[in-house]
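Overview (structure and organization)
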Amino acid sequence: MNRVRKGFLLFLLFFILVTADAWLFFCFYQQTGQKETDVLEAVWEDITYFPIPESAYDKERFSVSYADSWMDSRKFGGERTHEGCDIMAALNKRGRYPVVSISDGYIEKMGWLKLGGYRIGVRSTRGVYFYYAHLSDYAPDIAVGDEVKAGELLGFMGDTGYSEVEGTTGYFPVHLHVGVYLDGEDGQEQSYNPYPFLKELEAHKLTYWICD
């Protein structure tokens with residue numbers, strides 16, 4: 001009888017521990033999922049325009065394309081993952097395609113990076129950091145700290161980067177690398193996939209006079 005009782009108590013204790021563990025996991029998962037939803041909502045609420053306008057001169061000749069390459073493997077500078085989405089130019093000429101701000105915000109960073117070449121980082125009103133890399137040059141008279149509006153010219157698509165030497169070009173085709181980042185609770189910057197946001201913005205393109 002004592003054995004049966006002891007076995008039942010052990011089973012009951014095991015059941016309580018498993019149930020408590022499952023409940024804690026569920027609560028953690030629900031909380032994490034809610035935080036992720038809140039983060040993504042900030043991005044959805046801030047985005048306004050696709051970063052590359054259409055050409056009023058020739059839409060086909062000056063078209064762009066992109067695919068979901070977020071977290072793909074990259075080799076330059078060591079084994080790493082691709083924290084963004086590359087918008088490729090149909091016409092492989094630097095300085096032809098204008099790059100506009102996806103959102104309202106202010107210019108947080110500018111200048112040369114080994115991987116990104118000439119880049120601009122715009123911090124949106126809800127704290128999203130939009131990263132634009134490999135620019136050929138910047139729009140005139142813009143500087144760190146300037147306020148920008150969605151659709152405002154930031155610079156032009158290029159092929160700069162992959163070197164410590166400022167101004168290096170030619171290591172890859174002309175394109176725009178777009179990154180989306182938000183600071184986590186620990187203060188560390190976290191990358192999010194730009195692809196679904198870009199797909200949404202396909203229907204929200206400005207028109208520029210882009211030609212040869």
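Details of the environment of His-82
The residue His-82 is located in the loop between β4 (80-81) and β5 (85-89) in this model. Residue His-82 is classed as buried on the basis of its relative accessible area, which comes to 4%. The spacing of His-82 and Gly-179 is 97 residues in sequence and 9.4 Å in space, taken between C-alpha atoms. If sequence neighbours within four positions are ignored, His-82 has contacts with Ser-69, Trp-70, Met-71, Asp-72, Arg-74 and His-177. Here the side chain of His-82 touches Arg-74 through a polar contact of 3.4 Å, side chain to side chain. Here the side chain of His-82 touches His-177 through a polar contact of 3.1 Å, side chain to side chain.

Notes on the side chain of Ser-191
Mapped onto the elements, Ser-191 comes out in strand β13 (residues 189-192). Judged by relative accessible area, which is 11%, Ser-191 ranks as buried. Separated by 2.9 Å, the side chains of Ser-191 and Trp-70 make a polar contact. Apart from the residues lying within four places of it in its own chain, the contact partners of Ser-191 are Trp-70, Met-71, Glu-83, Val-180 and Tyr-181.

Some thoughts on the packing of aromatic side chains
Across all of its chains, the model carries 10 aromatic pairs by this definition. Look at Tyr-118 and Tyr-138: their rings are 5.9 Å apart centre to centre, the planes differ by 75°, and that puts the pair in the edge-to-face class. Pair noted here: Tyr-118 is in strand β8 (residues 117-124) and Tyr-138 is in strand β9 (residues 129-138), with a separation of 20 residues, a long-range link. The class for Tyr-138 is partly exposed, based on a relative accessible area of 22%. An angle of 80° between the planes, with centres 5.0 Å apart, marks the rings of Tyr-162 and Phe-172 as edge-to-face.

Quick notes on the rules
- Residues numbered from 1 in each chain as written.
- Predicted model: local features only at pLDDT ≥ 70, side-chain atom pairs only at ≥ 80, totals over all residues.
- Heavy atoms only, no water.
- Helix = DSSP H or I, 4+ residues; strand = E, 2+ residues; numbered from the N terminus.
- Buried < 20%, exposed > 50% of the residue type's maximum accessible area, 1.4 Å probe, protein only.
- Contact = heavy atoms within 4.5 Å.
- Polar contact = N/O pair within 3.5 Å; in protein donor to acceptor, adjacent residues only side chain to side chain.
- Phe/Tyr/Trp six-rings, centres within 6.5 Å; stacked < 30°, edge-to-face > 60°.

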